[in-house]
Amino acid sequence: MTTRTRLTLQAHDGHALGAYCHEPAREARAVIVIAPAIAVPQAFYAAYASFLAGQGYRVWTFDYRGIGESRQGPLRACDADIGDWVKLDYDAVVQHAAAPALPLFLLGHSMGGQTVPLLPSLAKASGIINIAVGSGARRHNQPAVRRSTLLLWHVLTPLLCGLFGYFPGARLGVVGDLPRGVMRQWRRWCLSPDYLLSGDPDGRAAYARARCPVLGLTFSDDELLLESGSKMLHDAYTGAPVDYRVLRPQQFGLARIGHFGFFRSQQEKILWPLVSDWLEERCAELAEAQPA
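Residues numbered from 1 in each chain as written. Predicted model: local features only at pLDDT ≥ 70, side-chain atom pairs only at ≥ 80, totals over all residues. Heavy atoms only, no water.

*Asks:* Summarise the packing of helix α1 (residues 46-54) against helix α10 (residues 272-289); cite the residues concerned and give the values.
*Replies:* In contact at an axis separation of 11 Å, α1 and α10 are set at 40° when each is read in the N-to-C sense. With respect to each other, α1 and α10 are oriented oblique. Helix-helix and strand crossings are classified by hand; for α1 and α10 the assignment is right-handed. Counted together, Ala47, Tyr48, Phe51 and Leu52 of α1 and Trp272, Val275, Ser276 and Leu279 of α10 form the full contact between these two elements. Class assignment of the residues belonging to the contact of α1 with α10 gives a composition of 7 nonpolar, 1 polar and no charged. (Axes fitted to C-alpha atoms, helices over the stretch in contact; angles between N-to-C directions. Helix = DSSP H or I, 4+ residues; strand = E, 2+ residues; numbered from the N terminus. Parallel < 35°, antiparallel > 145°, perpendicular 65-115°, else oblique. Left-handed = near helix turned anticlockwise from the far one by under 90°. Contact = heavy atoms within 4.5 Å. Nonpolar A, V, L, I, M, F, W, Y, C, P; charged D, E, K, R; others polar.)

Here you go:
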């Protein structure tokens, strides 16, 4: 039987982060850290984390500062940007989770996968798993989203971040509540033609430096992102082997998957084994590579 333990971890600057460790019933064969999509609390990934623990993996989930169980006080007092989320929060969780003699896999959903190459501790990873990871640049948005982002980026974000001291997305039904620095940096990336590859000074070079294998699962019915943007980001892993797959719901007898559907508990026997099988193969390869 798997167990789940709630922990408070320290970010690199001492900020308290809410996290959960899902332990398998037997000795762990590898460690997996799940990084959330923007404004999505770690609770969304709990069922999937439990499933992976049942497959023999030690699985960590966490919330970025200002989100879910890592939110402290009024959001207007949180001055974090995406760089803080990645280099102070996510990286601290990776360093805490890394265990001697166990492979470490980084599983990211949307932004949680987009930003993996920016991690200072990326060299610790034995593999990267990207779920619905693509470019948020306007030219890579689905047409309906592209139309709405004109208002979001040019009016709502500058106006509301200045007025409230954070982005009040929850009351608008847009993304969710976010620290102003996160929203402003995300805006810069989304208004850049190649998203973080051109919007972040180290973006493209960081992707090129990655060396561990990458599994990318993109869904043809993603309601937010075009497949071309996902392909662009995965092509930027020029120094790593990439297993990139575009999946259609019809392949699996499903009516819909979309940007969030992979993590629904109904996918336990349908979509979740795609990642489990890849992990199994990767762990076997790593074991064979160990000196006798």
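*Asks:* Please provide a residue-by-residue account of unusual backbone geometry, values included.
*Replies:* When glycine is set aside, most residues are seen to have a negative phi, and most peptide bonds are trans. Look at serine 110: it is not a glycine, yet its phi comes out positive at around 55°. Even without being glycine, tyrosine 195 reaches a positive phi, approximately 55°. Mapped onto the elements, tyrosine 195 comes out in the loop between α6 (180-190) and α7 (196-199). Residue classification places tyrosine 195 among the buried positions, given a relative accessible area of 0%. (Buried < 20%, exposed > 50% of the residue type's maximum accessible area, 1.4 Å probe, protein only.)

*Asks:* Lay out the environment of proline 158 in plain terms, naming residues and giving numbers.
*Replies:* Examined against the element boundaries, proline 158 turns out to sit in helix α4 (residues 143-164). Sequence-wise, proline 158 and arginine 187 are 29 residues apart; in three dimensions their C-alpha atoms are separated by 9.5 Å.

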